[in-house]
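These are the residues of each chain, in order.
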Amino acid sequence: MTKKIVVLGAGYAGIRVATQLKHKNGDFEIILVDQNTYHTEKTCLHEVAAGQQAPENIIYSIEDCSNCKKSKFIQDKVVKIDKDNNNVILENHGKIDYDYLVIGLGFKSETFGIKGVEENAFSMVNLDQAVAINKHINSQIRAYLDGDRDKKKLKIIVCGAGFTGVELLGALAEQMPKYAEKHGFSEDSYELVCVESATRLLPMFSENLANYAIDYLKDLGVKFITGAKVNEIKPGIVEYDKDGEIHEIEGGTIIWTTGVSGVDLVSESGFEAKRGRVIVKDDLTVEGYDNVFMLGDVSAVIDPESNRPYPTTAQIALAMASSCVDNILKKLEGKETEKFVYVSKGTVCSLGNTNAVAVVGGKELKGYPASALKKIIATRSIHMGSGKIGLTLKKGRFDLYR
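Every value quoted in this text rests on a predicted model; they were computed, and no experiment measured them.

Q: Is there a simple way to explain the sheet that holds strand β26 (residues 356-360) in this structure?
A: Picture the strands of a sheet paired through backbone hydrogen bonds; they go either parallel or antiparallel. The strand order β25-β26-β27 describes an open sheet built from 3 strands, whose pairing is antiparallel. In this open sheet, the two strands that pair with only one neighbour each are β25 (347-350) and β27 (363-366). Adjacent strand axes in the sheet meet at a mean angle of 10° when their direction is disregarded. Where β26 and β27 come together, 4 bridges link them in antiparallel fashion. Counted as the bridge partner of Val359 is Glu364 from β27.

Rendered as structure tokens:
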């Protein structure tokens, strides 16, 4: 009897599961579900937000990658997962039964309950939000030029100096001078400010690399306010506590990059989750539900060394996807599943188009070599997700210039 494998979400994990499974032999069919018709390379969202990349450059069609005789794509929103009755409910297509379920529904911005974040700050977790940020920055530039030349309109405040925040600041620091030249305003008219609660930035890197990254951004004009806990986001204002004193900083664009959590649907469907992430068994299935795999941002895999969940990255999502495919095939054949073992291949953080910091195989890189590596990884990600050489050549990052 043909088994039905339903994959929820066409992010890094979901698209790879669907792409790899369709090339495997077996009596099964695949249904991939996502709200959008396209997959987004979300590690490039900061470039779209800053205006360095056009939105169409970081997406590709899901249907082109998933369609074959044993696979189909449904564009729809998942409203419920009924794990006890082996079905999911879609907003427009109703109930879909499954034999095996792969959940890779991604993440949402984490506000930590701070007042005014959702109303008064931009998040950057999907393509629409990245496009909205860029449109707002350009609207503020126009308002500045057409109005009273209030420099606050050209002040961009990024809340959070984690991976996402630093990459966004690097892209903005490179792009704003180009906007200034294009629209005819001076470079001292705009300001880039980062508000961060920690004092040690980029802790995933050594102090040497972290200092290099932050010093580089400072040289490009970025101002860091560290040890500053955000209390509230008001319209055009970030209120923060530093050294026991309350401060306010005004800006025309406020962007929230302090962290993410798994989507609410996971908890709403009865899974035991913390911040939208479910601690999975060592074969990536959910405790008590051996036919349900949880991958990517909604999944928590414990690092045996730190006894904490691994950070959710595209790299681990892709690795989980490959392990999931292998274990689904083993289940179909009545064999024992294998333990997922994660070995990080390294970490790269961009500081703009031609600069970055990286750790690969224990070796530290910075500057142009790290930047080139970042683009090679991005190109490889497209190929691993889509499985298509032509698409990789079209969408890959081959701009390895200095």
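Q: Hey, could you run me through unusual backbone geometry in this one?
A: Trans is the prevailing form of peptide bonds, just as negative phi is the prevailing case for residues other than glycine. Notably, Arg149 is not glycine yet its phi reads approximately 55°, a positive angle. Relative to the elements of secondary structure, Arg149 occurs in the loop between α5 (127-146) and β11 (155-159). Even without being glycine, Asp243 reaches a positive phi, approximately 55°. Take Asp243: it is sitting in the loop between β15 (237-242) and β16 (245-250).

Q: Is there a simple way to think about the side chain of Ser323 in this case?
A: Tracing the sequence through the fold places Ser323 in helix α9 (residues 314-332). Here Ser323 falls in the buried class, since its relative accessible area comes to 12%. Contacts of Ser323, omitting those with residues within four sequence positions, involve Leu284 and Phe340.

Q: Is there a simple way to think about the packing of helix α1 (residues 12-21) against α9 in this case?
A: The description of two packed helices rests on the angle between their axes and on the distance between the axes. Running from N to C, α1 and α9 cross one another at 35°; their axes reach a closest spacing of 8 Å. As α1 runs across α9, the sense of the crossing is right-handed. For the pair formed by α1 and α9, the contact residues are Tyr12, Ala13, Arg16, Val17, Gln20 and Leu21 on the first element and Ala314, Ala317, Leu318, Ala319, Ala321, Ser322, Cys324, Val325, Ile328 and Leu329 on the second. For the contact of α1 with α9, the class distribution of residues is 13 nonpolar, 2 polar and 1 charged.

Q: Got a minute to help me understand the state of the cysteines in this structure?
A: Disulfides are covalent bonds that link the sulfur atoms of two cysteine residues. Going through the model one piece at a time under the given rule, you end up with 0 disulfides. Here Cys159 stays free of any disulfide, with the sulfur of Cys194 as its closest cysteine sulfur at 7.8 Å. Take Cys159: its relative accessible area is 1%, and that puts it in the buried class. Judged by relative accessible area, which is 0%, Cys194 ranks as buried.

Q: Looking at this structure, how should I read the pairing of β11?
A: Taken residue by residue, a regular strand's side chains alternate between the two faces of the sheet. Taken across its 5 residues, β11 has 5 buried, putting it largely inside the fold. Alternating residues of β11 divide into Lys155, Ile157 and Cys159 and Ile156 and Val158, and every residue in both groups is buried. Two strands pair when backbone bridges link them, and β11 and strand β12 (residues 191-195) are joined in this way by 5 bridges, in the parallel orientation. Its bridge partner being in β12, Ile156 is matched across the sheet by Leu192. Crossover handedness for the path β11 to helix α6 (residues 163-183) to β12: right-handed. Two elements, β11 and strand β17 (residues 253-256), share 4 bridges in a ladder whose sense is parallel. Counted as the bridge partner of Val158 is Ile255 from β17.

Criteria and cut-off values
- Residues numbered from 1 in each chain as written.
- Predicted model: local features only at pLDDT ≥ 70, side-chain atom pairs only at ≥ 80, totals over all residues.
- Heavy atoms only, no water.
- Pairing = 2+ DSSP bridges.
- Helix = DSSP H or I, 4+ residues; strand = E, 2+ residues; numbered from the N terminus.
- Axes fitted to C-alpha atoms, helices over the stretch in contact; angles between N-to-C directions.
- Buried < 20%, exposed > 50% of the residue type's maximum accessible area, 1.4 Å probe, protein only.
- Contact = heavy atoms within 4.5 Å.
- Left-handed = near helix turned anticlockwise from the far one by under 90°.
- Nonpolar A, V, L, I, M, F, W, Y, C, P; charged D, E, K, R; others polar.
- Disulfide = S-S within 2.5 Å.
- Right-handed = clockwise from strand over helix to strand, strands pointing away.

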